[in-house]
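Below, each chain spelled out in residue letters.
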Amino acid sequence: MLGGIDPFILIASLIAASVPILLAALGEAVVERAGVLNLGVEGMMIMGAVTGFMVSVATGSPLLGFLAAMAGAMALSLIFAFLTQVMLANQVASGLALTLFGLGFSSLLGQGYVGVKPPLTTAVPFGPLADLPVIGEILFSHDWITYLSLALVGLVWFVLNRTRTGLILRAVGENAEAAHGLGYKVRRIRLLAILFGAALAGLGGAYISLVRVPQWTDGITAGAGWIALAIVVFASWRPLRVLAGAWLFGGLTVLQLNLQAAGSGIPVEYLSMAPYLITIIVLVLISSGKGRALDAPAALGQNFHASR
Amino acid sequence: MKRRTVLMGGAAATLSLSMGARAVLAQEGPLKVGFIYVGPVGDGGWTYQHDVGRLEMVEAIGADKVETVFQESVPEGPDAERAITQMVLGGAKLIFTTSFGYMDPTINVAAKFPDVKFEHATGYKRADNVSTYDSRFYEGRAVIGTIAGRMTKSNKIGYIGSFPIPEVIQGINSSFLHAKKVNPAVELSVVWAFTWFDPAKEADAAKALIDQGVDVIIQHTDSTAPHAEAQKTPGVITFGQASDMSAFAPSPRVASIIDNWGPYYTKRVQAVLDGSWKSEGTWGGMKDGHVLIGPITEAVPAEVKAEAEKMIADITAGTYHPFTGPINKQDGSVWLADGVVATDEELSGLNFYVEGIVGDIPS
């Protein structure tokens, strides 16, 4: 049924295809662990995609492009931070507004960039390592953003679970009043978490416009931000499970195209809906786990005001 | 551009309060011609080429006699009806709707405005004030299929399909038949993207094909993303689709099929100005200058280039038709007997693969 698909090439392209959703989901997991629900991931990703594209075209440097992508997405997220942390507006509504605004504003910024070629981001040269059988293809054929994203998974896991910073962040997300009582600046910590999440979302967006496609067009992120949000829930807010979730989703997308290309007899319609179908099944399975809640941070989505 | 269209709609609505003013405007002003585009003008492919045709038409007719408006990225389906209606209310007297999915919306709007003329690209429904026009893209596919068959080293050719409609199936069959003719070992993999323009999806499809060992990619979608993807893997070649896409020459892009709409647009606008416009169906090919093959680059060996050029000459002269028997259907039954040429009716309803292509056409 799998036809002539080479599993090792499939794994290599799965790793590459999941980079944008991995970065965005990892950032969002940190934001949500701090008790903030930011549904503006899609908007921040596309802002990163467009600012990264514009800057790397103007300067000829992919690195500057990725830095600009993080800055662009962080700038956009400040709107959300102001609304929810200062004005205490509803987080769900503010996040949705952020996505809508990001989609429209990126389209305006990107007007003159349709059809322009950005500078190429090439694979990291590992020399002879890349020619090793099996692992050469899987481990040593990627660009530096891919390795960065994997390193970030480890880093986020370590900080969240093994450091004082992570403990404080989680405390703010579980019980903001208690954290406040202990003298922690809840709103400042949440602001920093929002900025971190935005930086990663922007990086993920720029990966789409600078590496994966590489081109600019309106709406280029095509729902990747929503998939990232689903992965965070799927992963029960844990970094290593975020990685697993991103590979599952990225893998299904790659697999369905490869199955078509390899001429499998499975109808295209089933293959195209598979990733979404599996999301639903997984969410149902997780939510119906016996006696086990979803493990969501207790203060998720609740605004905090020190006077209460 | 969209804002301008809206403003015009507003202006016309005001004018229509006084019928006299409107009639004077219609007689004295330049003819207003509208274009509905499926992608952005900067797509570098299909829509870009229609816009080039629009500009050529204005140049040929003269900016004093014709004025144009266009709207980009209009979704196919019911929403197109709104965009077309808005253009009519903005004063357009002739409207070109340039994608297959605008067929029913065009017919519906045309029924409401009998004195406005419509031209729908690549469809098959006509009315008294609706003409259709199309190009024989499969003639171009025959040429690039020949180059593909000669150039492939892995004997695997990939085809990124947009939607399973007759135009695309003609393209797949024509490419495969002519690749197979020069290289009997060739295999064709088709990936359906279900979009005309989505760079991310097109790039993913190209990557999947390359992962499967394909070294020649033919696309039936409009962006240059498959070229950008192919560029990452040395030895993979591509063909420009709808537009020359020369930014990717000499390799991966080794040749291209160019849609040349300018002469047709000029002819039809002139007909409206002369009062000789009538509803008809036009299906132009290389002979009529509708379909051109872009420069074949030095990445193609001289003898292959000569072979391709001979085929261009034969098709242009009318001595060769890409669908000439013997050709069997996918199930092995006879479609065209030896020497028989497919009729236009058969081609415009084509819904099956020819023998040798693996896989089913999605319904």
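Small disclaimer: the values here were computed from a predicted structure and weren't measured.

## Things to note about the overall build of chain A
Here is step 1 of the chain: Secondary structure summary: chain A contains 13 helices and zero strands in total.
Here is step 2 of the chain: Each helix (α) and strand (β) of chain A, taken in turn from the N terminus, gives the series α-α-α-α-α-α-α-α-α-α-α-α-α.
Here is step 3 of the chain: Against the globule reference of 19 Å for 308 residues, chain A gives a C-alpha radius of gyration of 20 Å, in line with a compact fold.
Here is step 4 of the chain: Dimensions of chain A along its principal axes, counting C-alpha atoms only, are 65 × 50 × 40 Å.
Here is step 5 of the chain: Here chain A holds 308 residues, and 52% of them are scored as buried.
Here is step 6 of the chain: Taking the contacts inside chain A whose residues are at least 6 apart along the sequence as the reference set, 78% of them involve residues at least 24 apart.

## So, the pattern of salt bridges
Residue and element names in this part refer to chain B.
Here is step 1 of the chain: For the structure shown, the criterion picks out 14 salt bridges over all chains.
Here is step 2 of the chain: Arginine 136 is the partner of aspartate 344 in a salt bridge, and the nearest nitrogen-oxygen pair spans 2.9 Å. You can see aspartate 344 sitting in helix 12 (residues 344-348) and its partner arginine 136 sitting in the loop between strand 5 (130-135) and helix 6 (137-151), a full 208 residues away along the chain.
Here is step 3 of the chain: Overall, aspartate 344 belongs to the partly exposed group, its relative accessible area being 33%.
Here is step 4 of the chain: Across the pair lysine 232 and glutamate 229 runs a salt bridge, and its minimum N-O distance is 3.3 Å.

## Quick look at the domain arrangement of chain B
Residue and element names in this part refer to chain B.
Here is step 1 of the chain: The domains assigned to chain B are domain 1 (2-135) and domain 2 (138-258 + 292-348).
Here is step 2 of the chain: Computed over C-alpha atoms, the centres of domain 1 and domain 2 are 32 Å apart.
Here is step 3 of the chain: Between domain 1 and domain 2, the contact holds eleven residues from the first and 13 residues from the second.
Here is step 4 of the chain: Taken over both partners, the interface formed by domain 1 and domain 2 buries close to 940 Å², and the fraction arising from carbon and sulfur atoms is 62%.
Here is step 5 of the chain: Of all residues in domain 1, the largest losses of buried area upon contact with domain 2 belong to Asp43, Trp46 and Gln49, amounting jointly to 40% of the total for that side.
Here is step 6 of the chain: Viewed at the interface, domain 2 and domain 1 are joined by zero salt bridges.
Here is step 7 of the chain: If you look at where domain 1 meets domain 2, you find two residue pairs in polar contact (both at pLDDT 80 or more).
Here is step 8 of the chain: Class assignment for the residues of the side of domain 1 that touches domain 2 results in four nonpolar, five polar and two charged.

## Comments concerning the nonpolar core
Here is step 1 of the chain: If you look at the biggest cluster of nonpolar residues, it comprises 92 residues, and the most contacted ones within it are Ile147(B), Phe239(B) and Trp335(B).
Here is step 2 of the chain: A total of eight residues in this core trace back to one element, the largest contributor, which is helix 6 of chain B.
Here is step 3 of the chain: Three or more residues apiece are contributed to this core by two domains, here domain 1 (2-135) and domain 2 (138-258 + 292-348) of chain B.
Here is step 4 of the chain: Contacts of Trp335(B), omitting those with residues within four sequence positions, involve Phe323(B), Ile327(B), Asn328(B), Lys329(B), Ala342(B), Glu346(B), Leu347(B), Leu350(B), Phe352(B) and Val354(B).
Here is step 5 of the chain: Among the nonpolar cores identified, the runner-up in size contains 73 residues, and Ile21(A), Val50(A), Leu169(A) and Ile194(A) belong to it.

## Brief notes about the packing of aromatic side chains
Residue and element names in this part refer to chain B.
Here is step 1 of the chain: Counted under the stated rule, the structure contains 27 aromatic pairs over all chains.
Here is step 2 of the chain: With 5.9 Å between their ring centres and 90 degrees between their planes, phenylalanine 96 and tyrosine 133 make a pair best called edge-to-face. Taken together, the residues phenylalanine 96 in strand 3 (residues 94-97) and tyrosine 133 in strand 5 connect sequence positions 37 residues apart.
Here is step 3 of the chain: Tyrosine 133 sits in the buried class, given a relative accessible area of 0%.
Here is step 4 of the chain: Three or more aromatic residues link up through ring pairs in this structure, and these residues are Phe35, Tyr37, Trp46, Phe70, Phe96, Tyr133, Phe137, Trp261, Tyr264 and Tyr265.

## Considerations on the packing of helix 3 (residues 46-61) of chain B against helix 10 (residues 262-274) of chain B
All names here are of chain B.
Here is step 1 of the chain: Closest axis-to-axis distance for the helix 3/helix 10 pair is 8 Å, and the angle between their directions is 50 degrees. The orientation of helix 3 relative to helix 10 falls into the category oblique. Once helix 3 is placed against helix 10, the crossing between them reads as right-handed. Of helix 10, the residues touching helix 3 (which contributes His50, Gly53, Arg54, Glu56, Met57, Ala60 and Ile61) are Gly262, Pro263, Tyr265, Thr266, Val269, Gln270 and Leu273.
Here is step 2 of the chain: Tallied by class, residues from the contact of helix 3 with helix 10 come to seven nonpolar, five polar and two charged.

## Comments concerning the pairing of strand 6 (residues 156-161) of chain B
Residues and elements named next belong to chain B.
Here is step 1 of the chain: Summarising burial for strand 6: five of the six residues are buried, a large majority.
Here is step 2 of the chain: Here strand 6 runs beside strand 7 (residues 187-192); their pairing, made up of six bridges, is parallel. Looking at strand 7, one finds that tyrosine 159 is bridged to valine 190.
Here is step 3 of the chain: Each parallel crossover has a hand, and the one from strand 6 via helix 7 (residues 166-182) to strand 7 is right-handed.
Here is step 4 of the chain: As paired strands, strand 6 and strand 8 (residues 216-219) are joined by four bridges and run parallel to one another. Bridge pairing in strand 8 links isoleucine 157 to valine 216.

What counts and what doesn't
Residues numbered from 1 in each chain as written. Chains lettered and ligands numbered in written order. Predicted model: local features only at pLDDT ≥ 70, side-chain atom pairs only at ≥ 80, totals over all residues. Heavy atoms only, no water. Helix = DSSP H or I, 4+ residues; strand = E, 2+ residues; numbered from the N terminus. Rg over C-alpha atoms; globule rule 2.2 N^0.38 Å. Buried < 20%, exposed > 50% of the residue type's maximum accessible area, 1.4 Å probe, protein only. Contact = heavy atoms within 4.5 Å. Salt bridge = Lys/Arg side-chain N within 4 Å of Asp/Glu carboxyl O. Domains from an automatic or database assignment. Buried area = accessible area lost by both parts, 1.4 Å probe. Polar contact = N/O pair within 3.5 Å; in protein donor to acceptor, adjacent residues only side chain to side chain. Nonpolar A, V, L, I, M, F, W, Y, C, P; charged D, E, K, R; others polar. Core = buried A, V, L, I, M, F, W, Y, C linked by side-chain atoms within 4.5 Å. Phe/Tyr/Trp six-rings, centres within 6.5 Å; stacked < 30°, edge-to-face > 60°. Axes fitted to C-alpha atoms, helices over the stretch in contact; angles between N-to-C directions. Parallel < 35°, antiparallel > 145°, perpendicular 65-115°, else oblique. Left-handed = near helix turned anticlockwise from the far one by under 90°. Pairing = 2+ DSSP bridges. Right-handed = clockwise from strand over helix to strand, strands pointing away.

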